[in-house]
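Structure assessment
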Amino acid sequence: MPGLLGKKIGMTSVFSADGKNLPCTVIEVGPCVVTQVKTVEKDGYAAVQVGFQEAKEKNTPKPMMGHFQKSGTTPKRHLAEFVFDEEHNLGDVITVELFNDAPYVDVVGTSKGKGFQGVVKRHGFGGVGQTTHGQDDRLRKPGSIGACATPSRVFKNLRMGGQMGNVQVTTHNLQVIKVIPEHNLLLLKGSVPGSKGSIVTIKK
């Protein structure tokens, strides 16, 4: 499906036509440059590779420099592939105007890392609840994790404490509030995964 790369700027709120205050996320979308056009005959599938954000030549490997020179563009920091309905050539610039006629979009990003968290925050456990009979210090503990004699082991995928966040998250059907092409901005209703400055993928 068609889409672009963007950078999460932050959150704000805007008033709708009927006077409601809508929370929205501001994303700087593109401009993205076409760096490669893949075809079924040569690559086995059809797609368009786009690049986003400028990169320094000294930080770009020589093979990638040749890749960008072939497309006639400067080095880019981020690359992604999308399938567009219309044809694109090397060096074409795709802007946020791609979403002018899109009422809803999907956004893929990396959620904020929370570090090691217990079961109450990570899985929503309610805790033991009982603070008598020697249980005064186990309010936020996971409780029993299995029987002792049988099966004499802990089953896989049991919900426990551990690393939380820092995973790929896809948010579906976010309403497009406004497209500001002169500043390459896209306003979406609601929240988008990731911290400020993180790279996200926006798809129609």
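See above for the structure.
Notes on the structure follow.

Along the backbone of the protein there are 3 helices and 12 strands. Over its C-alpha atoms the protein spans a radius of gyration of 23 Å, topping by over 25% the 17 Å that the globule rule assigns to 204 residues. In the protein, of all internal contacts separated by at least 6 residues, the share reaching a separation of at least 24 is 68%. When the accessible surface of the protein is summed, it comes to about 12,700 Å², and 51% of that surface belongs to carbon and sulfur atoms. Each charge sign in the protein was given a centre, from 26 positive and 17 negative side chains, and these centres are 14 Å apart.

Within helix H2 (residues 62–71) the residues assigned to the buried category are Met 65, His 67, Phe 68 and Ser 71. All buried residues of H2 lie within an arc of 160° about the axis, which places them on one face of the element. Turned more than 90 degrees away from the buried face of H2 sit Lys 62, Pro 63, Gln 69 and Lys 70, all of them exposed. On its buried face, H2 is in contact with strand S3 (32–38), strand S4 (47–54) and strand S5 (76–82). Following H2 by one or two positions, Gly 72 adopts a phi angle in the positive range, close to 75°.

Within the closed barrel, the 6 strands sit side by side as S1-S2-S11-S10-S7-S12. Their pairing is antiparallel. Looking at each pair of strands side by side, their axes are set apart by 50° on average, direction ignored. Bridge count for strand S1 (residues 3–15) against strand S12 (residues 199–203) is 5 bridges, and the pairing is antiparallel. Looking at the pairing, Leu 4 lines up with Ile 202 of S12.

The buried count for strand S7 (residues 104–110) comes to 5 of 7 residues, which makes it a mostly enclosed element. Note: S7 against strand S10 (residues 168–180), 6 bridges, orientation antiparallel. Following the sheet pairing, Val 107 is matched in S10 by Thr 171. In this structure, S7 lies alongside S12, joined through 3 bridges in antiparallel fashion. Within the sheet, the bridge partner assigned to Val 107 lies in S12 and is Ile 202.

Attention now moves to the nonpolar core. Grouped together as the largest cluster of nonpolar side chains are 27 residues, with contacts concentrated most on Val 29, Phe 99, Val 105, Val 107, Leu 186, Leu 188 and Ile 202. If we skip the residues at most four places from it in the chain, Leu 188 touches Pro 23, Cys 24, Thr 25, Ile 27, Val 105, Val 107, Leu 174, Gln 175, Val 176 and Ile 177. With 5 residues, the next largest nonpolar core counts Cys 24, Ile 180, Leu 185 and Leu 187 among its residues.

About the cut-offs
Residues numbered from 1 in each chain as written. Predicted model: local features only at pLDDT ≥ 70, side-chain atom pairs only at ≥ 80, totals over all residues. Heavy atoms only, no water. Helix = DSSP H or I, 4+ residues; strand = E, 2+ residues; numbered from the N terminus. Rg over C-alpha atoms; globule rule 2.2 N^0.38 Å. Contact = heavy atoms within 4.5 Å. Areas by Shrake-Rupley, 256 points an atom, 1.4 Å probe, with all protein chains shown as cover. Lys, Arg positive; Asp, Glu negative; His and termini not counted. Charge placed at Lys NZ, Arg CZ, Asp CG, Glu CD. Buried < 20%, exposed > 50% of the residue type's maximum accessible area, 1.4 Å probe, protein only. Arc of directions from axis to C-beta. Pairing = 2+ DSSP bridges. Axes fitted to C-alpha atoms, helices over the stretch in contact; angles between N-to-C directions. Core = buried A, V, L, I, M, F, W, Y, C linked by side-chain atoms within 4.5 Å.

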